[in-house]
Amino acid sequence: MKKHYAVGIDIGGTKLRLGLVSEELSIERCFITQEHQYFAPLELANFVAKSLAQLLEGQENVLGVGVGYPGPIWFTQGCTFSYSNLRHEGWEKVPLAKMIEERVGFPVLVDNDANLAGLAEVRLGAGKEYRDVVYITISTGTGGAIFFNRQLYRGFLGSAGEFGHMVVDLRGPQCKCGNRGCVMSLLSGLGLEKFIREEPSCRFLFQDGNREEDCVKKFVELAQCGNPSALRAMKPLVEYLCIAFLNVVHILNPEAIVVGGALGKALLALFHKDIREYLSTHLPKEVVERTEIREAKLNDWNGVLGGAILVFESLAASV
């Protein structure tokens, strides 16, 4: 029996990752770039095709390609909605799956990037011991995925699990989706960058006058080191995260919430006790005690693994 492979592609808001994944779900080859952020859809489809050709040179027995897109996706149509975390503005109603498939010659499945990262965590990582799981990722953007009985729930059109667009402050900053006070506008890398540059209490970050460096990374590192100014500035933002967790538990009552993304993991490590205390004062004792909150176990390649898992679970039966 020949071994089969799948390709996972994670189109992140900052980085684009491609990986050739074996049936044993190990990444055999990989490729990473940051060139794609300002690409128009046609440019991105061509770039993915070119990168995929390099990745697969001489490779046989590839079942298909699973692509994670940084925004809501109409999964059954392989089509984007009206906004994403990419910098180009032309991503409304783009038939991304068809565009890539026409250029690569393999079956292509496109899903939301957080759905695929969550799929990997449920199959291989922090969620594998639970049946009903909510995955929340906080990185460049904020997203999520919902799993009932270990199966991904996408909703009617495919936009379920967009926890980043849960409104937690009606007077908050405007989000790319058009609403104000979304979790993503406050607690993503994009939202934090804006907050840091506009919040007077964060001026300590720029005492050297250099505003070109990664201010979000610097902010989080200072908080992790116990810098009192950074912790004070971050504390009100964490209240919004607590509200988001509270809403998730009230509405979905999952066995476990798995938190991923570099920023999400940092916030959970810094404020896990605060989150637990907040939930304890706003939820029944039995619910709080039996709802697990876990840090995602897989690394930054969980979206690639999730894309490959989607291919194996969707297309393997046709081989």
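Everything discussed here concerns the structure shown above.
Residues numbered from 1 in each chain as written. Predicted model: local features only at pLDDT ≥ 70, side-chain atom pairs only at ≥ 80, totals over all residues. Heavy atoms only, no water.

Enquirer: Now, about the nonpolar core: what can you tell me, with residues and values included?
Expert: Grouped together as the largest cluster of nonpolar side chains are 46 residues, with contacts concentrated most on Phe219, Phe245 and Leu267. In terms of residues, this core owes the most to one element, helix H7 (residues 228-252), which gives 13 residues. Those residues in contact with Leu267, other than ones at most four positions away along the chain, are Ile138, Leu187, Met234, Val238, Leu241 and His272. Among the nonpolar cores identified, the runner-up in size contains 31 residues, and Phe47, Leu86, Val104 and Val108 belong to it. (Core = buried A, V, L, I, M, F, W, Y, C linked by side-chain atoms within 4.5 Å. Buried < 20%, exposed > 50% of the residue type's maximum accessible area, 1.4 Å probe, protein only. Helix = DSSP H or I, 4+ residues; strand = E, 2+ residues; numbered from the N terminus. Contact = heavy atoms within 4.5 Å.)

Enquirer: Any chance you could break down the sheet that holds strand E7 (residues 108-112) for me, citing the residues and the numbers?
Expert: The strand order across the open sheet built from 5 strands is E3-E2-E1-E4-E7, with neighbouring strands paired in mixed fashion. The sheet terminates laterally at strand E3 (27-33) and E7, the two strands that pair on one side only. Ignoring strand direction, the axes of neighbouring strands in this sheet form an average angle of 15 degrees. Summarising the sheet, strand E1 (residues 5-11) and strand E2 (residues 16-22) pair through 7 bridges and their orientation is antiparallel. Residue Ile11 lies in a different strand from E2, and its bridge partner there is Leu16. Across the face of the sheet, helix H1 (residues 41-55) comes into contact with E1, E2, E3 and strand E4 (62-69) while running at roughly 40 degrees to E2. (Pairing = 2+ DSSP bridges. Axes fitted to C-alpha atoms, helices over the stretch in contact; angles between N-to-C directions.)

Enquirer: Can you tell me about the packing of aromatic side chains, naming the residues and giving the values?
Expert: A complete count under the given rule lists 3 aromatic pairs for this structure. Ring geometry for Tyr69 against Trp91: centres 5.6 Å apart, planes inclined by 50 degrees, an arrangement best described as tilted. Linking Tyr69 in strand E4 with Trp91 in the loop between strand E6 (79-80) and helix H2 (96-104), this pair joins segments that are 22 residues apart in sequence. For the pair Tyr69 and Trp91, one class covers both residues: buried. Where Phe148 meets Tyr153, the ring centres are 5.5 Å apart and the plane angle is 45 degrees; that geometry is what we call tilted. Accessibility expressed as a relative area gives 35% for Phe148, which makes it partly exposed. Residue Tyr153 is classed as partly exposed on the basis of its relative accessible area of 40%. Its guanidinium or amino end placed over the ring of Trp301, Arg17 lies 5.4 Å from that ring's centre, counting from NZ or CZ. The ring of Phe75 has Arg154 lying over it, and the distance from NZ or CZ to the ring centre is 3.6 Å. (Phe/Tyr/Trp six-rings, centres within 6.5 Å; stacked < 30°, edge-to-face > 60°. Lys NZ or Arg CZ within 6 Å of the ring centre and 35° of its normal.)

Enquirer: Can you lay out H7 for me, pointing to particular residues and giving the numbers?
Expert: Here H7 spans 35 Å end to end across 25 residues, near enough to the 36 Å set by a 1.5 Å rise per residue. The largest bend in H7 comes to about 35 degrees, at Lys235, with the proline Pro236 one to four residues further on. Of the residues trailing H7, Asn253 is marked for its positive phi of about 45 degrees. (Expected span 1.5 Å × (residues − 1). Bend = angle between axes of the 7 residues up to and from the residue.)

Enquirer: Go over the pattern of salt bridges, please, and point to the residues and values.
Expert: The final tally for this structure, using the stated rule, is 8 salt bridges. A salt bridge links Asp300 to Arg17; the shortest N-O distance between them is 3.7 Å. Of this pair, Asp300 sits in the loop between strand E12 (292-295) and helix H10 (302-315) while Arg17 is found in strand E2, placing the two residues 283 residues apart along the sequence. On the accessibility criterion, Arg17 (11% relative accessible area) is buried. For Asp274, the salt bridge goes to Lys235, with nearest N and O atoms at 2.6 Å. You can see Asp274 sitting in helix H8 (residues 262-282) and its partner Lys235 sitting in helix H7, a full 39 residues away along the chain. (Salt bridge = Lys/Arg side-chain N within 4 Å of Asp/Glu carboxyl O.)

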